[in-house]
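Residue strings, one per chain:
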Amino acid sequence: MDDTQRRVDAIRKDRSELENHIIDEYSAGKITRREFVRRGTVVGMSIPLVSFLAAACGGGGGGETTGGGTTPTATGAVQAGGNIRVAIIQPATEPNPIIVKDEGGAGLLGSTGEFLSFSNEQLELEPRLAESWEPNADGTEWTFKIRQGVTFHSGATMTANDVKTTFETLVNPKNASNALSALGGVLSPGNTEAPDDATVVFHLDAPNGNFPTLVSSANYNAIIIPADLDPADWGKTFEGTGPFKLDSFTPKVGAKFVRNDAYWGEKANPDGFDLKFYDEEGPMILAIQGDEVDFVEHFSVSGGQALLTDPNVQVIAIRTATHRQIHMRTDKDPFTDKRVRQAIALTLDRPALVDGLWDGKADLGNDSPFAPLYPSTDTSVPQREKNIDQAKQLLSDAGMADGFTVELNTWKGFEIPDLAQLVKQYAAEIGVTINLKITDDATYYGDAVFGSSPWLDSVMGITDYGHRPVPNVYLASVYTSKGTWNAAHFKNPQADQLIGQYIAALDIDSQKAVAKQIQELLLDETPVSIPYFYNFLSAAKPNLKNAVSAATGQFDLSKAGYTS
Amino acid sequence: MARFLLTRLGLAAITLFLLSVFVFVGANLLPGNVARRKLGNLADQAAVDQLNHQLGTDKPILEQYWNWISGFFHGDLGTSLSYNLPVSELIGPALLHSLKLAAFAFVMVVPLAIIGGVVAALKRDRLADRIITVGGLSLAVVPEFVTGIMLILVFGLWLDLFPVSANAPDGSNILTQLKYLFLPALTLVIVLFGYISRITRAGTIEALDADYTRTAVLKGLPRRTVVRRHVLRNSLLPTIAVIATQTGYLIGGLVVIETLFNYPGMGRLIFTAANDKDFPLLASSVLIVGIVFLVATLLADVAYSLLNPRIRYATAE
């Protein structure tokens, strides 16, 4: 026995049963180092003590949280071949690249399709069907060099014309494309050209420094399909260029894929994989515990508690920008005065929300869409913390010392009703009465246009926003005067100008400089409060390695395999 | 008998017509619309309108109904709005799955429940009766998902005897399929046993107390013969009716069990179609389940009339 172990044993003799339990869990790899530190300090262990034990006891298995975008299971040597069984949530619609809008559908598209580039765990773009790309001087034109020698699964050669047609289809308003949520106002129909088989040029509506991200895997609709293929027929063949091709597809049940031996890059390791569709996450959790699937593409903290402490499961936590927005209408009482909005934001106990609703698997929000994982986010902007005295003072200064009553609209989904209830409780601490109106999602979103949508018309509401690898869509749609999702009715010329500058900035330093100004402005104005950005969780059997999961619903199994 | 069948078929046709109207109107009264469900809550309204136009869901409801019902009677169930596939391609496999599960559950529960009910009646107010009736009803009132999860935990995860999902891999033989179906079928057995056995018990007690049974006993017939010839023949009449009425539930109402065991049957299909406002899929699915239900009740009525001549003669008069 070495000195370190003797010290550990001596320390553990004096610790409580609960503290020793946490140490045991960490030593056994059931909780991560981060989780060990968090829980250890909560139960009264000092930071130096926790740090020493964290180093001495090893552990830390079960999947550390990693930086956004994508992240793999444990990596290492694997056996060649094998068939991987994957559980994903039931796709909401037909597999059509134009209209897919959900995780299950994104998983199907990415199973055989490829993008111009792939957004990786550092939110960097890895070349795929594009070998390189560059902007013109002001970022209004982006030129992509298309990889040569790539064939579709049918054997046809993929050319720049296929890329051009894919994007022309995606941006055509007549096609009702889901990709318009990212490309609308950025790329107009007729502005994509293919001067030769190896080059595609995008002429943008305005300068845009993050355009390559908008046409990468981050935009899951943007798989490249043959120019002569009607997207509505894509579900018959799953035609793509990826390392796997379709073997069979049974709607509502699942799909089987096999290795594409004609793949242009490194051939896939597994022989293939099976997708099983699930309507609910509960059966998915049971399926991996019952050894009927090897990989669960996504589960939630609330539904998957059993997996978080299961030593027979790897849990992969990916930091994302997925968040909730608590909007307060800046043009209607009682929120016309920014001090009132600030007061509400100051009542939120964000660390408690992260622990209570997400078991610690979330980042604190600071009332702007700049999630901590974005490289452009300026982390020196002070974090807003709960301060009831300051909140009461702000209300008093705004002439509302006696509080007020307001209705909060939202919908019943995910953890949102719980968050709404907690917001109501927090606001009560400063004398504000919030009456909750919780409906189904169809009622809350209505027609999604001003005048016929409780989401966009309510004085106060909570709205869910999915992960985006860059904050452009959040900024342009939520915080600009003409934003189509501007539920707070926030009209601020300075914000409009800064957001325009941010979107146009071509390098990360320029983006970061503007981001700081936007973060500070939004923290001061607080049209929207964002309490947290939560992690995307996946699960895998311990013997599965190199499986990569993405926060947008895609996964990459091309290098995955079993160790035994 | 022919008149009896014609009357029943006529009533069934009227029932199906009313059912189709109710489902179509009901689905249209739900909030939201198909295109928004397909494109997402944040989709641009112009895109939503465009897709609704493409799908034909912006037409008047009467026109939509007429298009669907006229196609239905020509064997065309329409195209699923959510999946862009012929509805028959979705309903066919789902109906087959549901029929397999329902048949397996019936094969297990019907003999068990009838034997249980008869034993309880014969041992009236004794320990066996109490165990069967109280135990059966206690299990029946436990929600399906609780029963199902308990079975999965015990037999699927702890003992590792049965799969936790119900859908066997493609190409599985019949034994493997039955192994996969065992836990959901057992869940149904637990749900239905108490109900069916109690009805059987009540019918058996009534038959045991009847004059013809007393006469048979006084004639000196052996007890086993009395039970087989005189009691069971009469006591099973209400049981047959109850079993027939469970058909609709077993074919189209197993949303919870199908979801829990990830089984692609009619219950889940109808639920998701209603959620997606997929009118052709929803209306056709409900109508198909309605037809299966009516066929089952018709068969029950026929069996009823065969076992009970009074009904047969009353209809013929």
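Scoring rules and cut-offs
Residues numbered from 1 in each chain as written. Chains lettered and ligands numbered in written order. Predicted model: local features only at pLDDT ≥ 70, side-chain atom pairs only at ≥ 80, totals over all residues. Heavy atoms only, no water. Axes fitted to C-alpha atoms, helices over the stretch in contact; angles between N-to-C directions. Helix = DSSP H or I, 4+ residues; strand = E, 2+ residues; numbered from the N terminus. Left-handed = near helix turned anticlockwise from the far one by under 90°. Contact = heavy atoms within 4.5 Å. Nonpolar A, V, L, I, M, F, W, Y, C, P; charged D, E, K, R; others polar. Buried area = accessible area lost by both parts, 1.4 Å probe. Salt bridge = Lys/Arg side-chain N within 4 Å of Asp/Glu carboxyl O. Polar contact = N/O pair within 3.5 Å; in protein donor to acceptor, adjacent residues only side chain to side chain. Pairing = 2+ DSSP bridges. Patch = residues over 30% accessible without salt bridge, like charges linked within 9 Å, V, L, I, M, F, W, Y side chains within 5 Å. Areas by Shrake-Rupley, 256 points an atom, 1.4 Å probe, with all protein chains shown as cover. Buried < 20%, exposed > 50% of the residue type's maximum accessible area, 1.4 Å probe, protein only.

K.L.:
Just give me the short version of the packing of helix H12 (residues 266–276) of chain B against helix H13 (residues 279–307) of chain B, but keep the residues and values in it.
P.N.:
Residues and elements named next belong to chain B. Orientation of H12 relative to H13, taken along the N-to-C sense of each, is 145°, at an axis distance of 8 Å. Of the two possible hands of crossing, H12 and H13 adopt the one that is left-handed. Between H12, through Met266, Leu269, Ile270, Ala273 and Ala274, and H13, the contact on the second element is made entirely by Leu281, Leu282, Ser285, Val286 and Val289. Considering only residue class, the contact of H12 with H13 consists of nine nonpolar, one polar and no charged.

K.L.:
Tell me about the interface of chain B and chain A, and name the residues and values.
P.N.:
Of the residues lining the interface, 36 residues belong to chain B; the matching set on chain A comes to 38 residues. Between chain B and chain A lies a buried interface of about 3,100 Å² when both sides are counted; carbon and sulfur atoms form 57% of it. The largest share of the area that chain B buries against chain A comes from Asn41, Leu42 and Tyr83 of chain B, three residues that together contribute 20% of it. For Arg268 of chain B, the salt bridge identified is with Asp279 of chain A, shortest N-O distance 2.5 Å. Linking chain B with chain A are eleven residue pairs in polar contact (both at pLDDT 80 or more), by the criterion used here. Where the side of chain B that touches chain A is concerned, the elements lending two or more residues are helix H2 (34–39), helix H3 (45–55), helix H7 (144–158), helix H11 (255–260) and H12 of chain B. In terms of residues, the side of chain B that touches chain A owes the most to one element, H3 of chain B, which gives five residues. Residues that form the side of chain B that touches chain A fall into these classes: 17 nonpolar, 13 polar and six charged.

K.L.:
Outline the pairing of strand E6 (residues 130–135) of chain A, listing residues and values.
P.N.:
When a strand is regular, its side chains alternate between the sheet's two faces. Residue and element names in this part refer to chain A. Relative to strand E7 (residues 141–146), E6 runs antiparallel, the two being bridged by five bridges. Bridge pairing links Ala130 to Ile146 in E7. From the end of E6 to the start of E7, which pair antiparallel, there are five residues, and Gly139 there has a positive phi angle of about 75°.

K.L.:
Let's hear about a nonpolar patch on the surface: which residues, and what values?
P.N.:
Residues and elements named next belong to chain B. A surface patch of nonpolar side chains, about 520 Å² in accessible area, is lined by Leu11, Ile14, Phe17, Leu18 and Phe22. The topology assignment puts Leu11 in helix H1 (residues 2–29). Owing to a relative accessible area of 44%, Leu11 belongs among the partly exposed residues under this scheme.

K.L.:
How would you sum up helix H12 (residues 338–347) of chain A? Please name residues and give values.
P.N.:
Most of H12 of chain A is tucked away: eight of the ten residues are buried. Along H12 of chain A, the residues that are buried comprise Val340, Arg341, Gln342, Ala343, Ile344, Ala345, Leu346 and Thr347 of chain A.

K.L.:
Residues and numbers for the pairing of strand E22 (residues 536–540) of chain A, please.
P.N.:
Residues and elements named next belong to chain A. Burial analysis of E22 places five of its five residues in the buried class, the great majority of the element. Across the two faces of E22 the burial is the same, with Phe536, Ser538 and Ala540 and Leu537 and Ala539 all buried. The pairing of strand E13 (residues 295–299) with E22 spans three bridges and is antiparallel. Each residue of the ladder has a partner; that of Val296, found in E22, is Ala539. Looking at chain direction, strand E14 (residues 314–318) and E22 are connected through five bridges and run antiparallel. Residue pairing for E22: Ala317 is matched across the bridge by Leu537.

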